[in-house]
Amino acid sequence: MRCDGERVSRRLVLAGATGVTAAALLPTAAGAASPAGGSGRGTAGTLGKVRLRLPGPGGPYPVGTVDLHFVDRSRPDPYVAGQPYRELMVNLTYPARHRGGPVAPWLTPGWAAAADEIFAFATAPQPANLVDWAGTPSHAVAGAAAREPGDGWPVLMYQLGHWGSHSTNRSEIEDLASRGYVVVTFEPTHETPVVFPGGRLVPQHPAANPPNDDRYSPEFLAYVRHIYASRTADARFVLDRLAALNARELPGGLRAGLDLGRIGAFSGITGAGLMTLTLMAADERVRAGAIGDTDVGFPTADGGWLPLAPVVEQGLSRAVLAIRPGSAYGAANPMWDRQWSALRGWRRELELAGGGMGWCSDLQTVLPQVRRGLGLPADAHAAMIGTVAPAAAVAATRAYQAAFFDLHLKGRPTRLFSRPSASHPAVRLAR
């Protein structure tokens, strides 16, 4: 977990979210969406605010989405003493039967309620309330009937980074769904603000913050390992609960479309890569994993390094794709070579030239729109988005992730991992 990435992600911690009212959770009207792969241009939105557009899905299927409330009564909440259960808001995004209908907002209700606090880093020195964060639409129709394939859709578990929300990888999630996958993710309650049925807002809990912000202490290492353990338990519970759902609990056709015999996992930035590897080590149902960072070790005060999780040394025998940005931020963690040598199945490592910290998130396309709409300096978000063209980053992420899961979950051969691609010149096959 790099210092620069951690500093940015810490700014997404929402200490002030507690005072948000239920009325503030309602998003403003959605606007038109941009074409697939396009970065869009910030335009005047609600009350003259800058309006944002997300790149549309690139697959052949329209996309639907549904939120579910799951309660695990078999274990206590990892952050709240005395709460004997763990509750989660879970999202499924899937191939839909038809196009058209009201689309879901980009941000979850919890993030929409505190968007100006979350994204203050993106608009500084201008105030964040000049951007219509909550009014930004996704491309997924809420509650749409699912398209029913003959043999079911493989299931992909999206793993969040620290203090995050799946909102910021919404385009990536929808693209995979449009290519024939059911993508499941959940908001980590108490690590990020979450709204439960009835408008009940559960803000971030102080116990989810690092102890004294000291990255080199044993307490910090214990804190990080606690997060990995609780997230892994959350993900395994969600997969178990999906298997137990009946057709009445889901949009039409979706239960029949869930193929839980073909499960993969993928992740973005700020430590999420190791979360995917840890889940794979704990649950053999996850047959393939794609990770967006290689931060698997912890720097110690004496200049050494420690693995953040046992999987770094114990390894895996299933397929792993690692993609990292080719920049100062994306330099391989010193423990990554140890992890790499412990990967005993199919493995590839790719590098995206010019990628920044947010290379595989929606920030790659949203931040340039914010910069233009607010007239910010050209280098306002350089550390986050790097120098790679947003459309090139989006296209590369989609192509390589889809090819990886198509190969290992659908049995579709590809040459994309055996030689450089003229369509994606920014991607280097590192090993």
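Just so it is clear, the structure is predicted and the values come from calculations on it, not from any experiment.

Asks: Looking at this structure, how should I read the packing of aromatic side chains?
Replies: Each pair of aromatic rings is reported with the distance of its centres and the angle of its planes. Within the structure shown, the criterion is met by 15 aromatic pairs. Ring geometry for Phe70 and Phe237: centres 6.2 Å apart, planes at 85 degrees, overall edge-to-face. Here Phe70, found in strand β3 (residues 63-72), pairs with Phe237, found in helix α6 (residues 218-244); they are 167 residues apart in sequence, far enough to count as distant. Its relative accessible area of 2% is what places Phe70 among the buried residues. With centroids separated by 4.3 Å and ring planes inclined at 20 degrees, the aromatic side chains of Phe119 and Trp133 adopt a geometry described as stacked. Residue Phe119 is located in the loop between α3 (115-118) and α4 (120-123), and its partner Trp133 is located in the loop between α4 and β6 (137-142); the two are separated by 14 residues in the primary sequence. Directly above the ring of Tyr85 sits Arg73, whose terminal nitrogen or CZ lies 5.6 Å from the centroid.

Asks: I would appreciate a short explanation of the packing of helix α5 (residues 170-178) against helix α13 (residues 390-409) in the present structure.
Replies: Relative orientation and spacing of two packed helices are given, respectively, by the angle between their axes and the distance between those axes. Where α5 contacts α13, the axes come no closer than 11 Å and their chain directions differ by 45 degrees. One way to sum up the angle between α5 and α13 is to call them oblique. Relative to α13, the crossing made by α5 is right-handed. Residue-level contacts link Ser171, Glu172, Asp175 and Leu176 of α5 to Thr397, Arg398, Gln401, Ala402 and Phe405 of α13. Partitioned by chemical class, the residues of the contact of α5 with α13 number three nonpolar, three polar and three charged.

Asks: Explain the side chain of Thr300 here, please?
Replies: Along the chain, the position of Thr300 falls in the loop between β13 (297-299) and β14 (305-307). One polar contact links Thr300 to Asp302, side chain to side chain, over a distance of 2.4 Å. Residues contacting Thr300, with those up to four places away along its chain left out, are Tyr216, Trp305 and Leu306.

Asks: When you look at the sheet that holds strand β7 (residues 153-159) in this model, what are you seeing that I'm missing?
Replies: Strand pairs in the sheet, formed through backbone hydrogen bonds, run parallel or antiparallel to each other. Taken together, the eleven strands give an open sheet; going across it, the order is β5-β6-β3-β4-β8-β7-β11-β12-β15-β16-β17, and neighbouring strands pair in mixed fashion. The sheet is open, and its two edges are formed by β5 (103-105) and β17 (427-429), each paired on a single side. Across the sheet, the axes of successive neighbouring strands diverge by a mean angle of 30 degrees, strand direction being ignored. Contacts from α13 reach β7, β11 (258-267), β12 (286-291), β15 (319-326), β16 (347-353) and β17, with the element oriented near 165 degrees to β12.

Asks: Is there a simple way to think about the pairing of β15 in this case?
Replies: Remember that side chains alternate between the two faces of the sheet whenever the strand is regular. Within β15, seven of the eight residues are buried, which leaves the element mostly enclosed by the surrounding structure. Bridge count between β12 and β15: four bridges; the pairing is parallel. Following the sheet pairing, Ala290 is matched in β15 by Leu321.

Asks: What should I look at first to understand the confidence of the model for the chain in this one?
Replies: Close inspection of predicted coordinates is inappropriate in any region flagged by low pLDDT. Mean pLDDT over the chain stands at 87; residues scoring 70 or higher make up 88%. The low-confidence segment residues 1-45 (pLDDT under 50) makes 122 contacts with residues lying over four places distant or belonging to another chain.

Rules of the game
Per-chain numbering applies: the sequence of each chain, read as written, is numbered from 1 onward. Only residues with pLDDT of at least 70 are given local features in this predicted model, and only at 80 or more are side-chain atom pairs given and counted; all residues enter the totals for whole chains, interfaces and linings. Heavy atoms throughout the structure, all of them, feed into the side-chain values; hydrogens and water do not. Here a Phe, Tyr or Trp ring, Trp counted by its six-membered ring, pairs with any other such ring whose centre lies within 6.5 Å, and the pair is stacked when the planes are under 30 degrees apart, edge-to-face when over 60, and tilted otherwise. Note on conventions: DSSP H or I runs of at least 4 residues are helices, E runs of at least 2 residues are strands, and numbering of each starts at the N terminus. Residue burial is assigned from relative accessible area. The probe radius is 1.4 Å, only protein chains are included, and a residue is buried under 20% of its type maximum, exposed over 50%, and partly exposed in between. Our definition puts a charge over a ring when NZ of Lys or CZ of Arg is within 6 Å of the ring centre and also within 35 degrees of the ring normal. Where helices are involved, their axes are fitted lines through C-alpha atoms of the stretch in contact, as for all axes, and angles between N-to-C directions lie from 0 to 180°. Geometric relationships in this document are graded by angle, where less than 35 degrees denotes roughly parallel, more than 145 denotes roughly antiparallel, 65 to 115 denotes roughly perpendicular, and other angles denote oblique. Handedness of each helix crossing follows the sense of rotation of the near helix against the far helix: counterclockwise by less than a right angle gives left-handed, clockwise gives right-handed. Throughout, a residue-residue contact means that at least one pair of heavy atoms, one from each residue, lies within 4.5 Å. Throughout, the ten residues Ala, Val, Leu, Ile, Met, Phe, Trp, Tyr, Cys and Pro are labelled nonpolar, Asp, Glu, Lys and Arg are labelled charged, and all others, Gly among them, are labelled polar. The definition of a polar contact used here is a pair of N or O atoms within 3.5 Å, where within protein one atom must be able to donate a hydrogen and the other to accept one, and adjacent residues in sequence count solely through side-chain atom pairs. Two strands are said to pair when DSSP picks up at least two bridges between them. Every residue gets a pLDDT, meaning the predictor's confidence in that residue, from 0 to 100.

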